[in-house]
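# Results of the structural survey
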Amino acid sequence: MKGKVALVTGANGGLGTYVTQAFLDAGATVIGTSRKIRQSEFSSQNFTAISAGISNLSSAKAILQQVVSRFGKLDVLVHTVGGFSGGQSIADTDDATFQRMLDLNLNSVFHILRAAIPVLRRTGEGRIIAIGSRAALEPGASVGAYSASKAAMVSLIRTVALENTDAGLTANVILPGTMDTPANRRAMPDADISKWVRPATIAGLITWLAGDAGKDVNGAVIPVYGGDL
């Protein structure tokens, strides 16, 4: 990954931290974004923190402008931003909850894609990897808003894959099962974490997809469910 410039959204999150470090370890230049991120969170001189959200197109474009202004290009976009809400049936889900899931899991990727695709197309070998959820393909009771937003995200990424083959740009989405993150451990203290997906596994898959070995993978929806089958 030496010479590559990668943008990681949610770079200091439960998964994003592993992804950011994996790209740094592989020799990439990494720009990490989130609403609250500090330069000191990663010690590498190849890391740049941009504290910003992607709640609208203008904020997403501002991030890309900073990337291009400083580094001249973008080779890889990794989108890890997302959120979860559950516990209510569809009939009991209120408008605010449904909209929040759309904003966090669908609209955020929509905004960053619109800002990043024109830049990624210029390289002739751009990569987009997004993090979805098992629930996108296997919805469960009481998580309807979350599942719907993740399913729509999968459709968006696969459409991007189809629309940009002429520029050598690939777009793929990974669907993890429950990941072994601090937040999930707090939320489910009695769960069997041995069946959960390790964030390092997802990070390794992302860097593989972003490298030369992954150039023939496009429009893929990749399930990574760990031991919980």
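A positive phi angle, close to 70 degrees, is found at Ser142, a residue other than glycine. Looking at where Ser142 falls in the secondary structure, it is placed in the loop between strand 5 (127-131) and helix 4 (144-163).

Now for the pairing of strand 6 (residues 170-176). With respect to burial, strand 6 is a largely interior element, seven of its seven residues being buried. Burial along strand 6 is two-sided: the face carrying Thr170, Asn172, Ile174 and Pro176 and the face carrying Ala171, Val173 and Leu175 are both buried. Where the polypeptide runs from strand 5 across helix 4 and back to strand 6, its parallel neighbour, the crossover connection is right-handed. Relative to strand 7 (residues 221-224), strand 6 runs parallel, the two sharing four bridges.

If the charged atoms of two oppositely charged side chains come close together, the side chains can form a pair. Tallying each qualifying case throughout the model produces five salt bridges. In this structure, the salt-bridge partner of Asp75 is Lys73, at a minimum N-O distance of 3.1 Å. Residue class for Asp75 comes out buried when judged on its relative accessible area of 4%. In this structure Lys73 comes out as partly exposed when scored by relative accessible area, which is 31%. For the salt bridge of Arg134 with Glu138, the shortest nitrogen-to-oxygen distance reads 3.1 Å. Given the relative accessible area of 18%, Arg134 is considered buried. Take Glu138: its relative accessible area is 42%, and that puts it in the partly exposed class.

What counts, and at which threshold
Residues numbered from 1 in each chain as written. Predicted model: local features only at pLDDT ≥ 70, side-chain atom pairs only at ≥ 80, totals over all residues. Heavy atoms only, no water. Helix = DSSP H or I, 4+ residues; strand = E, 2+ residues; numbered from the N terminus. Buried < 20%, exposed > 50% of the residue type's maximum accessible area, 1.4 Å probe, protein only. Right-handed = clockwise from strand over helix to strand, strands pointing away. Pairing = 2+ DSSP bridges. Salt bridge = Lys/Arg side-chain N within 4 Å of Asp/Glu carboxyl O.

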